[in-house]
Amino acid sequence: MTKHFINLDDLANDDLQQIIDQAITLKKQHKAGEISNALKNKTLAMIFDKSSTRTRVSFEAGMTQLGGHALFLSDRDIQLGRGEPIVDSAIVISSMVDAVMMRVSSHDDINTFAQHSSVPIINALSDESHPCQLLADMMTYQEHSGPIKGKTVAWIGDGNNMCHTYMQAAKVFGFTLNIATPKGYEPKQSFVDKYADCINLHNDAQTACQEADLIVTDVWASMGQEDEQKKRELAFKDFQVNTKLMVNAKSEAMFMHCLPAHRGEEVSANVIDGKQSLVWDAAENRLHAQKALLLFLLG
Ligand code: CP
Ligand code: NVA
C-alpha cells in the first residue's frame, strides 16, 4: 500500500523516530560534503496554493541533494487552480512523478488527492496540520536537549494547524502539552477529544509556561486569516512570548516558532533572537528531516 504523510501520526512511532535519527545522520553527511544519488531519476511534484519560503526551498534543495528533481507547481499555473477536479489532477500528476507534496488550504483536498494518487502524498501545511514542521522541531529538540519524552511543552497562542500537530506529537513522542489560547481560539474539539490524555488547556499563558522545557508559538493570524489581523491582535495581546513569560519556564527551556514570525506580536525580539531560541536550527532542519522523510517514503 502507498504510504502517505498527511498527519504526523500516519506513520508508526518507531518510523518517525527512525526518520529523525536518519535526518541527524544526513545532516552530518551533508556538512561533510558527501554526495548522494539515493533518489536519482525520482521526481517530486510540489503543489502550492499558499506562499512558502522554508517548505519550498527545503524540499527543492533536498531533492537536488539526493540526486532527484523537484517541480514547483503554483496553483496560478496549473489547471487545478482553474478548477480541474482534484481527483483528475491526482490521477494524472501521480502517473508521472514519484511523490507529491501539497500545500493547499483544505486538508480534505489533500485526503481526496491521496485517495486517488498512485504515489506518496506529503502534507506541506493545511488548515488542519503541518507535520513536516514537527519532524524538524522534534529533530531540533533532540539535537539540543536530548529525548523529549516526559518533558513539558507549552503552546502559546492560536489553536491552529501547528498547535494541532503539536498535540499529535505529544502523543507520538510522549510529552505533556500545555496549551494557552485566548477564549474562542482553542484547538478543534476533535483534536482536544482525541489527544485529551496528553494535553492541558489553559486561557492563561503564565500558568501554561510553568516548569516548561520548551515554549512554542506561531503567528496570531495564519495565511488566509489576514482580514482578522486587527481583531486577533486585541484577542491575543496577553499571549506574547517575552522574557516575562519565559521566566516561568525552566531555566534551560528552549523557544521555537515555525516562522515566519512577527516580532512585537506573538514573540518579542529579545526572545526570538535570544540564546534560548532554536528557530534557525529548526528552519535548517526542515531540509534534513524532509530528506529523511523522502527516503523513507520512496526508498
Ligand atoms: N514554517 C514554514 O512552513 O515556513 P514557510 O511557510 O516559509 O514554508
Ligand atoms: N499557522 C501558520 C503557519 C505557517 C508556516 C499558517 O498556517 O499560516
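Each remark here, short or long, concerns the structure printed above.
Definitions and cut-offs
Residues numbered from 1 in each chain as written. Chains lettered and ligands numbered in written order. Predicted model: local features only at pLDDT ≥ 70, side-chain atom pairs only at ≥ 80, totals over all residues. Heavy atoms only, no water. Pairing = 2+ DSSP bridges. Helix = DSSP H or I, 4+ residues; strand = E, 2+ residues; numbered from the N terminus. Axes fitted to C-alpha atoms, helices over the stretch in contact; angles between N-to-C directions. Contact = heavy atoms within 4.5 Å. Near = heavy atom within 4 Å. Polar contact = N/O pair within 3.5 Å; in protein donor to acceptor, adjacent residues only side chain to side chain. Areas by Shrake-Rupley, 256 points an atom, 1.4 Å probe, with all protein chains shown as cover. 1 Å grid on protein atoms, 1.4 Å probe; cavity = no way out; pocket = protein on both sides within 12 Å on 5 of 7 lines; lining within 4 Å. Sits in = over half its atoms within 2 Å of the grid points. Nonpolar A, V, L, I, M, F, W, Y, C, P; charged D, E, K, R; others polar.

K.L.:
Would you take a moment to explain the sheet that holds strand β1 (residues 43–48) for this structure?
P.N.:
One key point about sheets: their strands pair by backbone hydrogen bonds, in either a parallel or an antiparallel sense. The strand order β2-β1-β3-β4 describes an open sheet built from four strands, whose pairing is parallel. Two strands lie at the open edges of the sheet, namely β2 (69–74) and β4 (121–123), each paired on one side alone. Here the strands of the sheet are splayed against their neighbours by 20 degrees on average, with no regard to which way each runs. Here strand β3 (residues 99–103) runs beside β4; their pairing, made up of three bridges, is parallel. Paired with V100 across the two strands is I121, which belongs to β4. The strands that helix α2 (residues 54–65) touches are β1, β2, β3 and β4; relative to β1, the one it contacts most, it runs at about 170 degrees. Strands β1, β3 and β4 of the sheet are contacted by helix α4 (residues 107–115), whose axis makes an angle of about 170 degrees with β4.

K.L.:
I would appreciate a short explanation of the site of ligand 1 in the present structure.
P.N.:
In the vicinity of ligand 1, the contacting residues are S52, T53, R54, T55, R103, H130, Q133, C258, L259 and R286. In this structure, L259 approaches ligand 1 through a main-chain N or O atom, which is 3.0 Å from a nitrogen atom. The protein chains hide 96% of the 260 Å² of surface that ligand 1 would expose on its own. Spatially, ligand 1 is embedded in the largest pocket. When grouped by side-chain class, the residues that make up the shell around ligand 1 number two nonpolar, five polar and three charged.

K.L.:
Just to check I follow, could you spell out the site of ligand 2 for this structure?
P.N.:
The local shell around ligand 2 consists of L125, N160, N161, D218, S222, M223, C258 and L259. In the environment of ligand 2, an oxygen atom lies 2.9 Å from a nitrogen or oxygen atom belonging to the side chain of N161. Considering ligand 2 on its own, with 270 Å² of exposed area, one finds that the protein chains cover 94% of that surface. Counting atoms within 2 Å of the grid points, the majority share of ligand 2 lands in the largest pocket. A breakdown of the residues in the shell around ligand 2 according to their chemical character gives four nonpolar, three polar and one charged.

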